[in-house]
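Okay, here's what each chain looks like letter by letter:
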Amino acid sequence: MGSYRNALVAAVRQELAEARGAARAVLAAAESARGEAEARRRMVREAYTTCLNQLAQARDSSRRDIQRRYQYETTKLSGTVRRLAALSATGAAGAPWRLWAPSEPERGNPPGLLRIGTLGLDERTPLPALVPLLDAAHLDLRGPAEIVDGVITGVLLRALGSTRPGDVQLTVYDPEALGGTLASFAPLGLSFVGPGGLNAMLDEVVEHICRVNETVLSDLTRTDPWRVVVLLADTDELSPAQRAQLDRITRTGVACGVHLVVRGLRLTEHHSVVRLDLTSGRAVWGDLEIRLDEPPPTEQVVAFCKATAERMRAGPPPAQLADLEPKTLWAETSTHGLVAPIGDSTDGSLVDVPLGDDPPHALIGGPSGSGKTNLIYAWLAGLATRYDPAELALYLLDFKEGVSFARYVPGPRDPSWLPQVRLAGINVNGDREFGLAMLRHLSEELRTRAQAAKRVDATKLAELRAEDPTGRWPRLVAVIDEFQVLLGGRDAVADEAVTLLEDLARRGRSQGIHLILASQDVSGIEALWGRSGLIGQFTLRVALPKARRILADNNLAAAVIPRHHAVVNTESGTAGANQIVRLPDAGDRHVWRTLQRRLWRMRPDGCAEPRLFDGDAVPRLPSSCRPAGPVPDAGTPVGSSPGAVLGERIDVAARPARLRLGRMPGRNLAVLGTRTDEACDVLAAAALSLAAQGPAHFSVVCLDPDAGRAAARLVAELPSADWYDDVTDLPRLDVPHYVLGYALDAGNDPVALRRLLTDGPEQRTHVLGWWRSVARLRDSLGGPTARLDPIGAWVALDVQGADLSPLYPQPGGPAWYPRTRRALFFDRSVHRTPEVIIPYEVNSDHT
Ligand SMILES: Nc1ncnc2c1ncn2[C@@H]1O[C@H](COP(=O)(O)OP(=O)(O)OP(=O)(O)O)[C@@H](O)[C@H]1O
């Protein structure tokens, strides 16, 4: 029993122990499940928090991004709007009142918008709020009278200040204040309409619109000023007839430049009506809210209106150089003449100046500084923009000490030139010979044209061009500023110049050659008065202020015209044929350069650079006149009379002056004077040019140490040359032999020199020598009674004309007043009168 119980106890214990074990296991499993669940919950919580944080970060970053983008876009947009606003409301149309000043609109630009305040979009840099008016809209303003009137005052001031005086006409209907509201505009002479005048005013505006429509239909451009009609009423009590007229104006006005600005009346619905609701300091325009500007100070309005009224009394401002340009460049033909404006009249219309068969030539006069050069510039601008180089060729010569025409030829800074210019002379005041050369050249042209006209039986240029349509017959215009310098002096140059001018003036008319002569000096004109045949051809007269004797004696217009004006008279200056012209400022280099570049780019193929003669420039010996390549051998044929180049001729083609050295007695050259450098240059140019023509030998004899360097340099450059100390032992040669003698008056063997001069040329030995005076030349040839026949040609530097008489066929010697870098060249066998040449600069470019 005891053991059974014990066994039972043991079994129960066992079971209990198992049950406890199972319960513990279940508990442990439950605990572990709970632990896991808790861990999961923690994880989920953490993940949730992380997620929340990440979302918050993402949201913050997106928000920041959006804000940044918004900022960027609004800044960009407001920048664009601001730029647009600045372009749409320039100058007086958009400037704040404290900086405000009237501004001149660019010609051809449409009117802009007008500022009334600022937009509230961007607080830091407010955008201007602009409303349209001229050519764009009517304004229908509603709100308290004092606020609306302030806005109207501002809009009117901006419209008037950003257009030209007279371009906007104001009409004000102000029945309550009887014009008092806009009285500050009174100096402009605007029309105030009283209480009973509305009918008539509306009828008149309607009539105006009808008339504008008529003219626009007929010529497609409206020239009338804008009409701004301000209607100030407190109640909208219009009669049906008035309402109908107002509606008509609203519908049709803008297209005809008629604009309504109304307070207290309601304009009919139309796309051209801009409605603004105004309250104190603010306006609402559709969805936009505008912060209104303060009205402009009354004193500012009055001052502007007074100044504008003054300018209107004075007339429109003078035309500018650009206004002389035609709509299309180079569209005119010069067949029947040249017509170009030089300025405008006081009403602003351009004044055309003709040049052709009648009047053929022009005379311009005015004292120094009166604007002759400026007038020529203006005329050239008018001509050069209308006629291409096939229609017009220009020859420009300025005898002033200046470079007026240098701008029309290529220069170191600007390679362009005015395509019509064939020749320009500057700094020619000392070189009247160049004026003569130009006249000779034109005379040659005249002869060619006359012959061509004769061949086809034409009596004037238009007929020649019709008969010979493929020929190139542009009209030639020669402008000579300060021409009296050319005619001054009683010498051969003046005589020939007057003769040539007379011929050109008489016959040039029908051949399309026209002269424009300008002078400040009454004496220049006097030179013409003596030649009634000549002066009679200059039927176009242009007199600048205070010009004398340009117009007829009883025509006093030039004495009374103001500065920068001119009297243009196409009937030889007779009273009654005057046209008063205001001249533009035509000298501005920058404006000219821009215009010239445009024309230059249009130049036809083959349009040659103009010839420039600059009296201050020293020409270089052309490379074609220097020996080049291998030394010619003795067998190479030499021409019968090689030509020694001595300097540049003062002519249109800038040809070299040559001395022919044939096998004849006297074919020697004497260079005379004390200017060592120029004498050396003449001898060097002669020797080098001879060496360039074929085999030759040169014997250089230098007796003046000052010339030693130049002589040595020449020996070095010549292909075949020897240095001698005197003329005694010179070799006899089979090739042409040239003896270059520097300061031969210092030689010790006059007998040998005389023999060389006398017998040499026939054996092809020529002396090219330099003597420092005519007296020394004579001494070295045997004293006072010596014959100078062996000297067949001479070049005189600083030797007075009278001193040259022993070497000159006419008694008294030639008329010659020495000038720097100019020489007088006389070759007994070709010249009737000596010619002025410019000794070339020989050495500066090859040492
Ligand atoms: N229409 C004009 N508008 C503005 N300035 C002008 C006008 N005409 C001339 N001028 C100026 O007046 C000055 C003298 O003009 P210009 O050189 O043309 O006179 P000029 O008669 O040729 O004088 P001069 O004979 O002494 O050379 C220049 O500075 C020029 O710019």
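Residues numbered from 1 in each chain as written. Predicted model: local features only at pLDDT ≥ 70, side-chain atom pairs only at ≥ 80, totals over all residues.

Counting secondary structure elements, the protein chain contains 18 helices and 31 strands. The 847 residues of the protein chain split such that 41% are buried. Once local pairs closer than 6 in sequence are excluded, the contacts in the protein chain between residues at least 24 apart make up 71%. (Helix = DSSP H or I, 4+ residues; strand = E, 2+ residues; numbered from the N terminus. Buried ≥ 20, exposed ≤ 12 C-beta atoms within 10 Å, placed from the backbone. Contact = placed C-beta atoms within 7 Å.)

Where helix α15 (residues 676–691) meets helix α16 (residues 708–717), the axes come as close as 10 Å, and the angle between the chain directions of the two elements is 10 degrees. By the angle class used here, α15 and α16 are roughly parallel. Touching C680, A684, A687 and L688 of α15 are A710, L714 and E717, all from α16. Split into classes, the residues belonging to the contact of α15 with α16 amount to six nonpolar, no polar and one charged. (Axes fitted to C-alpha atoms, helices over the stretch in contact; angles between N-to-C directions. Parallel < 35°, antiparallel > 145°, perpendicular 65-115°, else oblique. Nonpolar A, V, L, I, M, F, W, Y, C, P; charged D, E, K, R; others polar.)

For the protein chain, per-residue confidence averages 89 on the pLDDT scale, and residues scoring 70 or more make up 95% of the total. Two summary scores accompany this predicted model of the complex, namely pTM at 0.69 and ipTM at 0.98. (pLDDT = per-residue confidence, 0-100.)

Next up on the list: the site of the ligand. Taken together, 15 residues form the shell around the ligand, and within it G371, T373, N374, H564 and D585 come nearest. Split into classes, the residues belonging to the shell around the ligand amount to two nonpolar, ten polar and three charged. (Near = placed C-beta within 6 Å.)

As a general point, the strands of a sheet are linked pairwise by backbone hydrogen bonds and lie either parallel or antiparallel. One open sheet accounts for ten strands, arranged β2-β1-β10-β9-β8-β3-β7-β6-β4-β5; its pairing is mixed. Either end of the sheet is taken by a strand with one partner, and the two such strands are β2 (127–131) and β5 (191–193). Averaged over neighbouring strand pairs, the angle between their axes works out to 30 degrees when direction is ignored. Relative to strand β9 (residues 282–285), strand β8 (residues 273–279) runs antiparallel, the two sharing three bridges. Counterpart to L278 in the pairing with β9 is A283. Each of β1 (114–119), β3 (138–142), β4 (168–173), β6 (226–232), β7 (258–263), β8 and β10 (288–292) touches helix α2 (residues 145–161); the most contacted strand, β1, lies at about 125 degrees to it. (Pairing = 2+ DSSP bridges.)

This part takes up the pairing of strand β18 (residues 540–543). Neither face of β18 is left uncovered, since the one carrying L540 and V542 and the one carrying R541 and A543 both have all their residues buried. For strand β13 (residues 362–365) and β18, the ladder comprises four bridges, and the chain directions are parallel. By the bridge assignment, I364 is partnered in β18 with V542. Bridging between β18 and strand β19 (residues 565–569) involves three bridges; their strand directions are antiparallel. Residue pairing for β19: V542 is matched across the bridge by V568.

Another point: helix α6 (residues 372–386). With 15 residues, α6 should reach 21 Å at 1.5 Å per residue; the first-to-last C-alpha distance of 21 Å fits that figure. Across the 15 residues that make up α6, a large majority, 15, are buried. (Expected span 1.5 Å × (residues − 1).)

Looking now at the packing of α2 against helix α5 (residues 298–314). Direction vectors running N to C along α2 and α5 enclose 30 degrees, while the axes themselves pass 11 Å from each other. Here α2 is positioned roughly parallel relative to α5, judged by the angle of their axes. For the element pair α2 and α5, the recorded crossing hand is left-handed. Contacts from T153, L157, L160 and G161 of α2 reach α5 at V301, F304 and T308. For the contact of α2 with α5, a count of residues per class yields four nonpolar, three polar and no charged. (Left-handed = near helix turned anticlockwise from the far one by under 90°.)

Time to look at the sheet that holds strand β23 (residues 656–660). With respect to topology, ten strands assemble into an open sheet ordered β23-β22-β31-β30-β29-β24-β28-β27-β25-β26, the strand pairing being mixed. The strands lining the two open edges of the sheet, one partner per strand, are β23 and β26 (721–724). If you compare each strand with its neighbour and ignore which way they point, the axes differ by 30 degrees on average. Two strands pair when backbone bridges link them, and strand β25 (residues 697–702) and strand β27 (residues 737–742) are joined in this way by six bridges, in the parallel orientation. Its bridge partner being in β27, V700 is matched across the sheet by L740.

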